[in-house]
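Working through the structure, step by step
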Amino acid sequence: ATFLTNHDQTRAMSVFYGNVDKAKLASFLMLTSPGTPFIYYGEEIGMQGQKPDEDIRLPMQWSADKFAGFSMTNPWRAPAKDYEQVNAALQSGDSNSLLEHYRKLIALRNSHSTLRTGEVILLDTNNSGVYAALRVDDNETLLVLVNLTDEPITNYALILEDARLAESAYSAETLFGAGQANGLERSGEAFPEYRPFEILDPYTMYVLKLTPK
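Reference entry: report on the structure contained in this document. (Residues numbered from 1 in each chain as written. Predicted model: local features only at pLDDT ≥ 70, side-chain atom pairs only at ≥ 80, totals over all residues. Heavy atoms only, no water.)

Regarding unusual backbone geometry
Cis geometry marks the peptide bond from Lys-51 to Pro-52; its omega dihedral reads 10 degrees. Positive phi, normally seen in glycine, also occurs at Tyr-17, with a value near 50 degrees. Residue class for Tyr-17 comes out exposed when judged on its relative accessible area of 77%. With a phi angle near 60 degrees, Arg-164 is a residue other than glycine that sits in the positive phi range. Structurally, Arg-164 is set in the loop between β5 (141-147) and β6 (170-176). You can call Arg-164 exposed: its relative accessible area is 58%. (Buried < 20%, exposed > 50% of the residue type's maximum accessible area, 1.4 Å probe, protein only. Helix = DSSP H or I, 4+ residues; strand = E, 2+ residues; numbered from the N terminus.)

Here it is in C-alpha cells:
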C-alpha cells in the first residue's frame, strides 16, 4: 500500500505550501510506482489541512456551492475557507488542473499493467535532481523520468549498464508528458549514456515506452 498522506497526517498540499507542481510530481511518483496506491479524499484537488485532526478531515470540496457541495445542511465542521477556489467542479475538464493530472495518471496505470505489477529497476542519472526508473514485465518496458527540481536540467545521463535490456536499439514512445523522446541506440555490446531529452524542464514528468527495433 502506497500513499502520500492519510487522515492522521498534515495534508500533502499543506506540506508543499500550496505548490501545485510539487503536488503533481508527488502523485506522479506514487502512481508510477509498484503497490496499491491509496489517495486520501481531497488530495486529488489539492485540499489543505494541518493538525488538529479535525482540520485534516473537513468536508470534501465538491463545488463552490454552499457547504462546498458536500451537503444541503451544516456538516459536522465548516468546509475550508478556500473551497470556492479549490473544488472538484472547478478543476474537472481543466487539462492543467491537479484533478485532471490524477485522472490521466490513473487511466495510464489502468491501461498498462507494467505500472502496477512490473519490476522496478532504478537507474543512475548522474544528477541528484533527476529520478529515473524502468518498469519492466513480459509485456513491455517503460521508462519513468522526472526532473525533481524547479530549474531546467541539461547535465544528466541515464546509465543502463545494469538495466538488463535486450541487445538491440530501442524506439521511445511518449505515453505521458509532452514531446518526442530520442531513441536509445546501442554501441557494440553496451548502451551509451542515454538522454531521452536534451532539456528537462522544471518538474517535468515522463513515461516512455521503450520498444526494441
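Details of the nonpolar core
Among the nonpolar cores identified, the biggest contains 24 residues, and Leu-123 and Leu-143 are the most heavily contacted of them. At the level of elements, β4 (130-136), β5, β6 and β7 (205-212) are the ones that each hand at least two residues to this core. Apart from residues no more than four positions distant in its own chain, Leu-143 is found in contact with Leu-123, Ala-132, Ala-133, Leu-134, Leu-158, Tyr-194, Pro-196, Tyr-206, Val-207, Leu-208 and Leu-210. Within the second largest apolar cluster, 18 residues are counted, among which are Leu-25, Phe-28, Leu-98 and Phe-176. (Core = buried A, V, L, I, M, F, W, Y, C linked by side-chain atoms within 4.5 Å. Contact = heavy atoms within 4.5 Å.)

Things to note about the packing of helix α2 (residues 20-31) against helix α4 (residues 98-111)
One way to put it is that α2 packs onto α4 with a least axis distance of 10 Å and a crossing angle of 15 degrees. Between α2 and α4, the angle falls in the class roughly parallel. By crossing handedness, the relation of α2 to α4 is classed as right-handed. Listed contacts from α4 to Val-20, Ala-23, Lys-24, Ser-27, Phe-28, Met-30 and Leu-31 of α2 are Leu-98, His-101, Tyr-102, Leu-105, Ile-106 and Arg-109. Residues that form the contact of α2 with α4 fall into these classes: 9 nonpolar, 2 polar and 2 charged. (Axes fitted to C-alpha atoms, helices over the stretch in contact; angles between N-to-C directions. Parallel < 35°, antiparallel > 145°, perpendicular 65-115°, else oblique. Left-handed = near helix turned anticlockwise from the far one by under 90°. Nonpolar A, V, L, I, M, F, W, Y, C, P; charged D, E, K, R; others polar.)

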